[in-house]
Amino acid sequence: MTITLVNVILYIILFYCIYSFAKKNKAFSTNDPPGPKIELPIIGSLHLLSSKPHLGFTKLAQKFGGIYKLWVGDHYTIVVSDPHYIREIWLKNNDNFINRPKSPTFTVLSGNFTNLVCASEKIWRHRRDLVAGAFTKTKLKTTQTIVAKQCQRIMKQMMLSAEKKTLFNPKMNFKKYSMNIISSMVFSREIAYDDGEVLFGKDFGNILKQIEYVFGLGKAGNPGDAISLLQPFFYYQMKVMGTELDKLLEFMKEIYDDHILNLDPENPKDLFDHIIIDADGKDLNGILRVGVDLLLGGTDTSSNTIEWFTLMMANYPEVQDKAYQELQYRIGQRGGETIEDQENCGNRILVSDRLETPYVNAIIKEIMRLHPIGPLGIPRMAKEDIMIGEYFIPAGTHMIQNIHGLHHDPSHYDQPESFIPERFVHDNHTSHYLPFSIGARNCLGMQVAEMEIYTICANILINFKIKSVDGKQIDDTELFGLAVHPIDYNILLEKRSI
Ligand code: HEM
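A quick note: this is a predicted structure, and the numbers were derived from the prediction, not measured.

### Brief notes about the coordination of the iron atom of the ligand
Reasoning step 1: Counting protein donors around the iron atom of the ligand gives one, C443 (SG), at 2.3 Å.
Reasoning step 2: As for its placement among the helices and strands, C443 is situated in the loop between α15 (403-407) and α16 (446-463).

### Some details on the site of the ligand
Reasoning step 1: Within the structure, the ligand sits among 27 residues, and R100, W124, R380, S437 and C443 are positioned closest to it.
Reasoning step 2: The backbone of G297 places a nitrogen or oxygen atom 3.5 Å from a nitrogen atom of the ligand.
Reasoning step 3: Interatomic distance of 2.6 Å between a side-chain N/O atom of S437 and an oxygen atom of the ligand.
Reasoning step 4: When residues of the shell around the ligand are traced back to their parent elements, those giving at least two are α5 (121-137), α12 (284-315) and α16.
Reasoning step 5: The dominant element in the shell around the ligand, judged by the number of residues it contributes, is α12, at 5 residues.
Reasoning step 6: Its residues assigned to classes, the shell around the ligand shows 14 nonpolar, 9 polar and 4 charged.

### Brief notes about the pairing of strand β2 (residues 75-80)
Reasoning step 1: Of all 6 residues in β2, 5 are buried, a share of seventy percent or more.
Reasoning step 2: Across 6 bridges, strand β1 (residues 67-72) lies against β2 in antiparallel orientation. When the sheet's bridge partners are listed, Y68 is paired in β2 with V79.
Reasoning step 3: Between β1 and the antiparallel strand that follows it, β2, lie 2 residues; G73 among them carries a positive phi value of about 60°.
Reasoning step 4: By the bridge criterion, 4 bridges tie β2 to strand β6 (residues 398-401) in an arrangement that is parallel. Note that in β6 the partner of T77 across the bridge is H398.

### Side note on the packing of aromatic side chains
Reasoning step 1: Taken as a whole and assessed by the stated rule, the structure comprises 11 aromatic pairs.
Reasoning step 2: On the basis of an interplanar angle of 15° and a centroid distance of 6.5 Å, the ring pair of F28 and W71 is categorised as stacked. One end of the pair, F28, is in the loop between α1 (2-25) and α2 (53-64); the other, W71, is in strand β1, with 43 residues separating them in the sequence.
Reasoning step 3: Feature note: the residues F28, W71 and Y76 constitute an aromatic cluster, connected by ring pairs.
Reasoning step 4: Here the guanidinium or amino end of K102 rests over the ring plane of F113, the centre of that ring lying 4.3 Å away.
Reasoning step 5: Between the NZ or CZ atom of R496 and the centre of the ring of Y324, over which it lies, the distance is 4.1 Å.

### Here we look at the side chain of E452
Reasoning step 1: Within the secondary structure, E452 is located in helix α16.
Reasoning step 2: Of the side chains with opposite charge, R354 lies nearest to the buried E452, which makes no salt bridge, at 11 Å.
Reasoning step 3: A distance of 3.1 Å separates the side chain of E452 from the side chain of S178, its partner in a polar contact.

### A look at α5
Reasoning step 1: End to end, α5 covers 24 Å across 17 residues, agreeing with the expected 24 Å (1.5 Å per residue, within 8%).
Reasoning step 2: Taken residue by residue, α5 has W124, R127, R128, L130, V131, A134 and F135 as its buried positions. For α5, the arc enclosing every buried residue in end-on projection is 165°, short of the 170-degree limit, so these residues lie on one face. Exposed side of α5, more than 90 degrees from the buried face: K122, D129 and T136 are the residues found there.
Reasoning step 3: Tucked inside the fold, the buried residues of α5 contact α7 (170-187), α11 (271-279), α12 and α16.

### Some details on the environment of N93
Reasoning step 1: Within the fold, N93 resides in the loop between α3 (83-92) and α4 (104-109).
Reasoning step 2: Residue classification places N93 among the partly exposed positions, given a relative accessible area of 23%.
Reasoning step 3: With residues near it in sequence (within four places) discarded, N93 still touches E88, I386 and I388.

### Considering the sheet that holds β1
Reasoning step 1: In spatial order, the strands read β1-β2-β6-β3; together these 4 strands make up an open sheet with mixed pairing. Edge positions in the sheet fall to β1 and β3 (380-381), since each has one partner strand and no second.
Reasoning step 2: Of the strands in this sheet, β1, β2 and β6 are in contact with α2, which crosses β1 at around 130°.
Reasoning step 3: Sheet contacts for α3: β1, β2, β3 and β6; angle to β6, the most-contacted strand, approximately 130°.

### Details of the UniProt feature "transmembrane region" (unreviewed entry) in the chain
Reasoning step 1: UniProt records the feature "transmembrane region" (unreviewed entry) at residues 6-22, using the numbering of this structure.
Reasoning step 2: For residues 6-22, the helix share is 100%, the strand share is 0%, and the end-to-end C-alpha distance is 24 Å.

### Structural notes on unusual backbone geometry
Reasoning step 1: One non-glycine residue, I42, lies in the positive phi region at around 65°.
Reasoning step 2: With respect to the helices and strands, the residue I42 is situated in the loop between α1 and α2.
Reasoning step 3: A residue is classified by how much of its surface remains accessible, and I42, at 21% relative accessible area, is partly exposed.
Reasoning step 4: Phi angles above zero are rare outside glycine, and H429 is one such case at about 50°.
Reasoning step 5: Within the secondary structure layout, H429 lies in the loop between α15 and α16.

Calculation rules
Residues numbered from 1 in each chain as written. Predicted model: local features only at pLDDT ≥ 70, side-chain atom pairs only at ≥ 80, totals over all residues. Heavy atoms only, no water. Donors = N, O, S within 2.8 Å, 3.2 Å for Na, K, Ca; no water. Helix = DSSP H or I, 4+ residues; strand = E, 2+ residues; numbered from the N terminus. Near = heavy atom within 4 Å. Polar contact = N/O pair within 3.5 Å; in protein donor to acceptor, adjacent residues only side chain to side chain. Nonpolar A, V, L, I, M, F, W, Y, C, P; charged D, E, K, R; others polar. Buried < 20%, exposed > 50% of the residue type's maximum accessible area, 1.4 Å probe, protein only. Pairing = 2+ DSSP bridges. Phe/Tyr/Trp six-rings, centres within 6.5 Å; stacked < 30°, edge-to-face > 60°. Lys NZ or Arg CZ within 6 Å of the ring centre and 35° of its normal. Lys, Arg positive; Asp, Glu negative; His and termini not counted. Salt bridge = Lys/Arg side-chain N within 4 Å of Asp/Glu carboxyl O. Expected span 1.5 Å × (residues − 1). Arc of directions from axis to C-beta. Contact = heavy atoms within 4.5 Å. Axes fitted to C-alpha atoms, helices over the stretch in contact; angles between N-to-C directions. UniProt positions renumbered as here; feature names shortened; annotations may be inferred.

Structure follows, in structure tokens:
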């Protein structure tokens, strides 16, 4: 009896493997893109990717070209790093690729696709309009002032660290900087850098831990997302993620209630007020989820880029010095240090200096080229069968924009693995530089991110020399997660003389 049951199970497994092998190795058309010759049952080509899938995908692009197909577990996937095809898909045919794949992780993180980042088409259009509208209504000057104020706060922390010669931890501090910008813009809330600081909304610091936790659980690469047979093994992880996300939503509800209580429709004080007013008293779930999305989307992304910046500056002191000279020159050009208006908040370099500091801009671009924090963007899914150029893409295909592959392609960038900011000084590389993606569903926070990254990086460069703790190069190994980040490290700061 037992043997018979074992036999039945073995037959089922065998049958499933044959079915899976046949399905994955059958062409959809005579116009499929190139890809691996043999797909394995169940896993497809997963074995060709490592724990750092962006590197695996880029290696495959070297073999199959800028557009290729493969099976990532159960999912037929097309990976694109050719700038021509990226534009055809994400820009010209955006409507057909507007949705995100329905993976278990996305399902939980998005409350069944009712948020903004993962929302399905109809809901997405409504949410995107709501948030984009609120961003537009929040005046540029207001955003600049918020960024300048937060930059001044972190400069004080860095100055203290330089004076006391204590180690400075980029990860923890830049996270607070990014989060303070987004939470000031959206919720009029800030978190403290140390326990002595008394700020409005004293519990807000807890949300940072909570975001960290949810981000950690939702890390890309959950095997249950790729292979549905494995989903039961990740049931508990998904359940915990849902519970932790609910806590974030509860917190968001408190902020919402507070906003409702103090709402002046004629005089909205922040982005959340704008969203609440535009939603006209409806869609509480949507508003709360959009609030969480903005915190999630606006924190680890920019802060990881700034972490890469201090790491690379410690490793390339000659680049730091060259940038410092440029910034000194710029200050001289505008008549010295004396810009003391409200928006400046005491910073030595302003957002308005950006156009006049091409080398600093080039450093930032080179860092986002070399270490794009979202190296595979956020995946999309084909709505209907479509021809893109000579290639057929069937409905349901998962689409990956391989930003890492695009940024590391030697046909666009000489010595793509080397850090050479100069390459961006005379050439914008516009067609093959896309850290924020492209098209109607590209990064909604791009302008804020660029502003906050420039402001802090330029002010760090003018105020400090960044050094590694032991005088050696800091390890620049990439760790893969929802955002690609460096191994946690400390730096030493040396104050530059004015
Ligand atoms: C270095 C900083 C950042 C990078 C590199 C980055 C990159 C990206 C990328 C690649 C996408 C996917 C777009 C697509 O599917 O085509 C995205 C989406 C998104 N980002 Fe960012 N991002 C950054 C900062 C931010 C910030 C600061 C915010 C919030 C203020 C933000 C909010 C969003 C949102 C809401 C989406 C989803 C858009 C949608 O689905 O309509 N991001 N981002």
